Amino acid sequence: MTIQRSTPIGRPRGFDADAALENAMRVFWEHGYEGASLADLTKAMGINRTSMYAAFGNKEELFRKAWARYAAGPASYGAEALTEPTAQRVATVFLQGAVRSATLPDYPPGCLSLRASLIGGEDGQVIRELLATSRQETHAQLTKRFERAVEQGDLPPETAPALLARYVLTIANGVAVQAAGGAGRAELEQVIDAALRNWPPV
């Protein structure tokens, strides 16, 4: 007798975990962590709560998985920028990526990190700390890359790498805020062009 595996209780036949996670990411992106209700999430994912818990864990665990997907997808420009051969190219690719990510067609405008970091209650504190740590890590990575640029003569010796990294991140965050407020891609590209004109001359 052949024993057939049954579909777990609560999980619909044909359940697509990848598509469900993509939709959860979009809900968090649009509403932030605390603003995304379980009803919003399960409706977008096409599953019930039992299925969500079974496949992804609780809401916090689901967000962590959605955040990892976001970092590896729409926000992957950060890691890509660090591989550029010059410091100015690092900043250019980083900021251009921030504009693209904040203005992707069919996605919420702005940045998932900023939307999920908005001031809220205790329920979102762990997530806000997670995202703050992520931003600190990005700042540290950019700082290290700019330190190397100073050592290689790609940036002037008087350059403050940590301050320059903060400058790039501040522009990127401003891009996300402006996109969420309705600014278009072409307009934001002009903003980063203006910001890069202030790049330290070698």
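Residues numbered from 1 in each chain as written. Predicted model: local features only at pLDDT ≥ 70, side-chain atom pairs only at ≥ 80, totals over all residues. Heavy atoms only, no water.

Undergrad: How would you sum up the UniProt feature "DNA-binding region" (unreviewed entry) in the protein? Please name residues and give values.
TA: Mapped onto this numbering, the UniProt entry gives "DNA-binding region" (unreviewed entry) at residues 37–56. Secondary structure content for residues 37–56 is 80% helix and 0% strand, while the C-alpha to C-alpha distance between its ends is 15 Å. (UniProt positions renumbered as here; feature names shortened; annotations may be inferred. Helix = DSSP H or I, 4+ residues; strand = E, 2+ residues; numbered from the N terminus.)

Undergrad: Any chance you could break down the packing of aromatic side chains for me, citing the residues and the numbers?
TA: A full pass over the atoms with the stated rule returns eight aromatic pairs. An angle of 80° between the planes, with centres 5.0 Å apart, marks the rings of W29 and Y70 as edge-to-face. On the criterion of sequence distance, the pair formed by W29 in helix α1 (residues 17–35) and Y70 in helix α4 (residues 59–72) is long-range, its members being 41 residues apart. Judged by relative accessible area, which is 0%, W29 ranks as buried. Following the ring pairs from residue to residue traces out a cluster consisting of W29, W67, Y70 and Y107. In this arrangement the basic side chain of K59 is found over the ring face of Y33, its NZ or CZ atom lying 4.7 Å from the centre. (Phe/Tyr/Trp six-rings, centres within 6.5 Å; stacked < 30°, edge-to-face > 60°. Buried < 20%, exposed > 50% of the residue type's maximum accessible area, 1.4 Å probe, protein only. Lys NZ or Arg CZ within 6 Å of the ring centre and 35° of its normal.)

Undergrad: Explain the domain arrangement of the protein to me, using residue names and the numbers behind them.
TA: Assigned domains of the protein: these are domain 1 (17–58) and domain 2 (73–198). Taking only C-alpha atoms, the centre of domain 1 and the centre of domain 2 are 26 Å apart. Counting from both sides, the interface comprises nine residues of domain 1 and, opposite them, 18 residues of domain 2. For the domain 1 and domain 2 pair, buried surface summed over both sides reaches about 1,100 Å², with 65% attributable to carbon and sulfur atoms. Three residues, W29, Y33 and E34, lead the burial of domain 1 against domain 2; their summed loss comes to 64% of the area buried on that side. At the junction of domain 1 and domain 2, the tally comes to one salt bridge. Close ionic contact of R128 with E34 constitutes a salt bridge, the shortest N to O distance being 2.8 Å. Scanning the region where domain 1 abuts domain 2 turns up eight residue pairs in polar contact (both at pLDDT 80 or more). Grouping the constituent residues of the side of domain 1 that touches domain 2 by class yields four nonpolar, one polar and four charged. (Domains from an automatic or database assignment. Contact = heavy atoms within 4.5 Å. Buried area = accessible area lost by both parts, 1.4 Å probe. Salt bridge = Lys/Arg side-chain N within 4 Å of Asp/Glu carboxyl O. Polar contact = N/O pair within 3.5 Å; in protein donor to acceptor, adjacent residues only side chain to side chain. Nonpolar A, V, L, I, M, F, W, Y, C, P; charged D, E, K, R; others polar.)

Undergrad: Now, about helix α6 (residues 87–102): what can you tell me, with residues and values included?
TA: Helix length check: α6 (16 residues) gives 23 Å between terminal C-alpha atoms against 22 Å at 1.5 Å per residue, within 8%. Most of α6 sits out of view: twelve of its 16 residues are buried. Of the residues making up α6, those classed as buried are A87, V90, A91, T92, V93, F94, L95, G97, A98, V99, S101 and A102. Each element contacted by the buried residues of α6 is listed here: α1, α4, α5 (77–81), α8 (125–151), α9 (161–180) and α10 (185–196). (Expected span 1.5 Å × (residues − 1).)

Undergrad: So what's going on with the environment of L104? Which residues, and what values?
TA: In this fold, L104 is placed in the loop between α6 and α7 (112–116). Among the residues examined, L104 registers a relative accessible area of 25% and is labelled partly exposed. A C-alpha to C-alpha distance of 8.9 Å links L104 and R185, two positions 81 residues apart in sequence. The contact partners of L104, leaving out residues within four places of it in the chain, are W29, P74 and R185.

Undergrad: Describe the packing of α8 against α9, and please don't skip the residues or the numbers.
TA: With their axes 8 Å apart at the nearest point, α8 and α9 run at an angle of 130° to one another. In terms of orientation, α8 lies oblique with respect to α9. Considering only the axes of α8 and α9, their crossing is right-handed. Two secondary-structure elements touch here, α8 through R135, T138, H139, L142, T143, F146, E147 and V150 and α9 through P161, A162, L164, A165, R166, V168 and L169. Grouping the constituent residues of the contact of α8 with α9 by class yields nine nonpolar, three polar and three charged. (Axes fitted to C-alpha atoms, helices over the stretch in contact; angles between N-to-C directions. Parallel < 35°, antiparallel > 145°, perpendicular 65-115°, else oblique. Left-handed = near helix turned anticlockwise from the far one by under 90°.)

Undergrad: If you had to explain the environment of E30 to someone new, which residues and values would you point to?
TA: The residue E30 is located in helix α1 in this model. E30 gets classed as partly exposed once you look at its relative accessible area, which sits at 47%. When the C-alpha positions of E30 and E80 are compared, they lie 25 Å apart, and in sequence the two are 50 residues distant. Setting aside its immediate chain neighbours within four residues, E30 contacts P108 and R115.

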